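# Chain and residue survey
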Amino acid sequence: MQITPTDLPDVLEITPARFGDHRGFFSETWNRKALAEAGLDIDFCQDNHSLSAERHTLRGLHFQAPPSAQDKLIRVVAGTILDVAVDIRRGSPTYAQWVAVPLSADTGNQLFVPKGFLHGFLTLTPDVQVVYKCSDYYAPDTDGSIRWNDPTIAIDWGVNEGDVTLSGKDADAPFLADFDTPFTFEAQS
Ligand SMILES: Cc1cn([C@H]2C[C@H](O)[C@@H](COP(=O)(O)OP(=O)(O)O[C@H]3O[C@@H](C)C(=O)[C@@H](O)[C@H]3O)O2)c(=O)[nH]c1=O
């Protein structure tokens, strides 16, 4: 397993080992002990799986507010996405900054997105299936979205507004400037 920090220190790219043979490959996609030894002992309790049929489907930018905030470990089992995390922790030195990491079924790489970050992805191929682990249960009352093309965040998605497929909730999501973030930055001691 290889763990690579991104430009946002708490967002990590994780690439599990794959053992290939004449049949294909085998990979441990999550091993709690191995991740705990790397400093990520997360008590995941829910697995999610989504299918996005069209290329350039965009889901995001999502969060669940405390007390139902979620750490997420995201991977792709069919196709390729551009996976994005945005720091929305009040007082963070990287507030409103984003990272984008391509995740693909071919490489099996994963993104760890902690509490306090927005998460979203753009599909780069048709028929994309994304699976991810969450550290808290779905809580619709605390579920929220920030506009995917928020001008303050200014993510370079590489697509034009008219070219993306969005849910109604995401198309009408508020902008960051109109949003009082429920997350506070906690400096590491
Ligand atoms: C997220 C979620 C949704 N649902 C339901 C609510 C709704 O009827 C249907 C579709 O929900 P959404 O439109 O919110 O699905 P989607 O847009 O795929 O939402 C997901 O986007 C990615 C980027 C994330 O990071 C996830 O945490 C989640 O927010 O599924 C659950 O039952 N459990 C869940 O955990």
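Residues numbered from 1 in each chain as written. Predicted model: local features only at pLDDT ≥ 70, side-chain atom pairs only at ≥ 80, totals over all residues.

The chain appears in an unreviewed UniProt entry as dTDP-4-dehydrorhamnose 3,5-epimerase from Yoonia ponticola. Per UniProt, the chain carries the Function (unreviewed entry) text "Catalyzes the epimerization of the C3' and C5'positions of dTDP-6-deoxy-D-xylo-4-hexulose, forming dTDP-6-deoxy-L-lyxo-4-hexulose." Here the chain is described in UniProt, under the heading Subunit (unreviewed entry), as follows: "Homodimer." (UniProt positions renumbered as here; feature names shortened; annotations may be inferred.)

## What about the UniProt feature "active site" (unreviewed entry) in the chain?
In the numbering used here, UniProt assigns the "active site" (unreviewed entry) feature to His-62 and Tyr-132. Across 71 residues in sequence, these annotated residues keep their C-alpha atoms within 13.7 Å of one another, forming a single compact spot. Within the secondary structure, His-62 sits in strand E6 (residues 58-64). Given 19 C-beta atoms within 10 Å, His-62 falls into the partly exposed group. Not counting chain neighbours up to four residues away, the residues in contact with His-62 comprise Leu-118, His-119, Gly-120 and Ser-145. Of the residues examined, Tyr-132 has 22 C-beta atoms within 10 Å and is grouped as buried. The contact partners of Tyr-132, leaving out residues within four places of it in the chain, are Asn-48, Lys-72, Leu-73, Ile-74 and Arg-75. (Helix = DSSP H or I, 4+ residues; strand = E, 2+ residues; numbered from the N terminus. Buried ≥ 20, exposed ≤ 12 C-beta atoms within 10 Å, placed from the backbone. Contact = placed C-beta atoms within 7 Å.)

## Details of the sheet that holds E6
An order of E9-E8-E11-E6-E13 is seen for the five strands of this open sheet, with the pairing classed as antiparallel. Looking at strand neighbours, the two that pair on one side only are strand E9 (98-104) and strand E13 (143-145), the edges of this open sheet. Within the sheet, the average angular offset between the axes of one strand and its neighbour, ignoring direction, is 25°. Relative to E13, E6 runs antiparallel, the two being bridged by three bridges. Residue pairing for E13: Gln-64 is matched across the bridge by Asp-143. (Pairing = 2+ DSSP bridges. Axes fitted to C-alpha atoms, helices over the stretch in contact; angles between N-to-C directions.)

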